[in-house]
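The lines below spell out each chain.
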Amino acid sequence: MRELVSSYDILKVLGHGGFSAVFKARRKTDQKIVALKQLDITIENESQKEYKDFKEEVDILKKLDHPNIVKVYGEYILDHKPSLEMEYIEGETLETLLKQEKYFSIDETLSIIEQIADALNYCHHYYLRGDAKHTDSVILKRNVVIHNDINPKNILRTTNADGSYRYVLIDFGLSFTDPDAVRHSKKEEGMAEYKAPEKWTGAIVDTPSDIYSFGIVIYELLTGSVPFPVKDYKQYRDMLLLEEKHKTAAIPDICEQRMHAIREKEGMDADTTVECDIPEWLELLVQKCLEKNPQNRFKTGRELSKFYYDALEGNIEIPKTPKSIEPVIDIDPDAPSPTPLSQAYLEVVPNFLTGAQHYFIEKELTTIGRWHDSAVTPLADFAIKTADKFISKNHCQIIRERNNASGTDIYYLTDTVPSKNGTFYNTDKNTSRLEPHNRVVLKEGDFFWIGNTQIIFHTGRE
Ligand SMILES: Nc1ncnc2c1ncn2[C@@H]1O[C@H](COP(=O)(O)OP(=O)(O)OP(=O)(O)O)[C@@H](O)[C@H]1O
């Protein structure tokens, strides 16, 4: 360490990853405090993947100049190891702050969104600075920086001279600039709870993948937990389950989760009424970050910022989504609950893929599926107009058993020819898949999932 020691006073180890260490150091020439990141691999091993990745991180960071992205001062070889001298950020990571605070206030969450979305906007369009003609298209231009590892560990909070906070994006170790390269060595890496669905499947990882990860961070800031926590990274089964959830499961209701976090922090009973202080537009913003299909997300930090500022000015239309639905599923196949002869109906909970739709159940057997215009496959009775490709053309069925003598109806949900993507009848789409030999009784307010779409059963008027 002679070279390092002769140039810097090492004050503290800030972090030690698998192949590099970060120090707080004082530059001997001018006493400036800096952060020094040094790879643990020497220049003799420059063909090693980690060496190349480190060099790529340095090359990318050198190009970036934004108040919410850590600044690079210099690049050196110290003790035969590549080293990066950076701005020292005095402060804590959001991960540490979350451990202390449990969850963040709405105001602070908004500041984080504002600043990090701006940093992402810059990364996703950085080449457009200067005189270049700008375009919003990420499809045409490939020259973007994808951070690829957005999580609370990689965002630092520091305090400005006026007492306000600045949030700074660090660790570009997994970043890359060529989303077209399908087989990019880094693209499937990153912290599992923050990984976008396309990162699990080996599909193209692009700027919307950063948006998804940032959406998970925002969700966590507001509720104190990620939507899909993992029990054990080392358990293959747990990781498979996590993958499945990122790909298909609904995001647990953010308001419910925040109210739960508030009760826990304040030591309140589970039944204490707490108001959800998340504005509807912010719920919508998180939903739009967490769309499973990258095409339906904000594509870049710029789109996210635009939505944010439009919403602050009241220029966002909030779709009339039924407020948080009670987790009332109490389906017991052995205990039918007859309802008086009724005109039961199904209600689609609108989302970005599927608009609000109703269907009155008129028949003994009602099929539910995706609307289509193919002449080969018959249309389902309830043919849902949707772009949700996870809904099959003939997905599942409702059976009505009418007992005229007693004047009651019993409704069952079935999935006799199980669709590839399944029908799920619990609050969490992954917990209770409907098997072909099963049918479950539906009661007022029960709901089920097909694809990314939730359908509520109503017994209707008497
Ligand atoms: N510029 C900086 N100023 C202050 N602290 C920093 C700075 N850069 C990094 N750190 C601290 O060092 C830790 C590790 O940094 P970084 O994530 O860049 O390294 P890493 O080797 O990739 O670590 P990991 O493997 O945990 O991601 C960070 O969590 C942060 O606490």
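The name given to the chain in an unreviewed UniProt entry is non-specific serine/threonine protein kinase, with the source organism recorded as Niabella digestorum. As stated in UniProt under Sequence similarities (unreviewed entry), the record for the chain gives "Belongs to the protein kinase superfamily. NEK Ser/Thr protein kinase family. NIMA subfamily."

A. Here's a closer look at the pairing of strand β2 (residues 20–27). Of all 8 residues in β2, 7 are buried; the element is thus mostly enclosed. With antiparallel pairing between neighbouring strands as the criterion, strand β1 (residues 8–16) and β2 make up a hairpin whose turn holds 3 residues. Note that β2 and strand β3 (residues 33–39) share 7 bridges and pair antiparallel. Counterpart to F23 in the pairing with β3 is L36.

B. Fine view of the state of the cysteines. Summed over the entire model, instances satisfying the criterion amount to 1 disulfide. The partner cysteine of C255 in its disulfide is C276, sulfur to sulfur 2.0 Å. Between C255 and C276, the disulfide has an S-S torsion of -75 degrees and is therefore left-handed. Residue C255 is found in helix α8 (residues 254–266), and its partner C276 is found in the loop between α8 and α9 (280–289); the two are separated by 21 residues along the sequence. Taking the relative accessible area as the measure of exposure, C276 reaches 23% and is therefore partly exposed.

C. Local environment of the side chain of H395. Summarising the element assignment, H395 is placed in the loop between β13 (382–384) and β14 (396–403). Here H395 is in contact with I368, G369, F390, D415, V417, S419, G422, T423, I450 and G451, once residues within four sequence places are set aside.

D. Structural detail: the sheet that holds strand β7 (residues 155–159). Overall, antiparallel pairing links the 3 strands, which are arranged β6-β7-β8 in an open sheet. Of all the strands in the sheet, the pair left with one neighbour each is β6 (91–93) and β8 (165–169). Looking at each pair of strands side by side, their axes are set apart by 25 degrees on average, direction ignored. Where β6 meets β7, 3 bridges bridge the pair, whose relative direction is antiparallel. If you follow E92 over to β7, its bridge partner there is R157. Where helix α3 (residues 94–101) meets the sheet, its contacts fall on β6, β7 and β8, and the angle it forms with β6 comes to roughly 85 degrees. Together, β7 and β8 form the strand contacts of helix α4 (residues 106–125), whose direction differs from that of β8 by roughly 40 degrees.

Calculation notes
Residues numbered from 1 in each chain as written. Predicted model: local features only at pLDDT ≥ 70, side-chain atom pairs only at ≥ 80, totals over all residues. Heavy atoms only, no water. UniProt positions renumbered as here; feature names shortened; annotations may be inferred. Buried < 20%, exposed > 50% of the residue type's maximum accessible area, 1.4 Å probe, protein only. Helix = DSSP H or I, 4+ residues; strand = E, 2+ residues; numbered from the N terminus. Pairing = 2+ DSSP bridges. Disulfide = S-S within 2.5 Å. Contact = heavy atoms within 4.5 Å. Axes fitted to C-alpha atoms, helices over the stretch in contact; angles between N-to-C directions.

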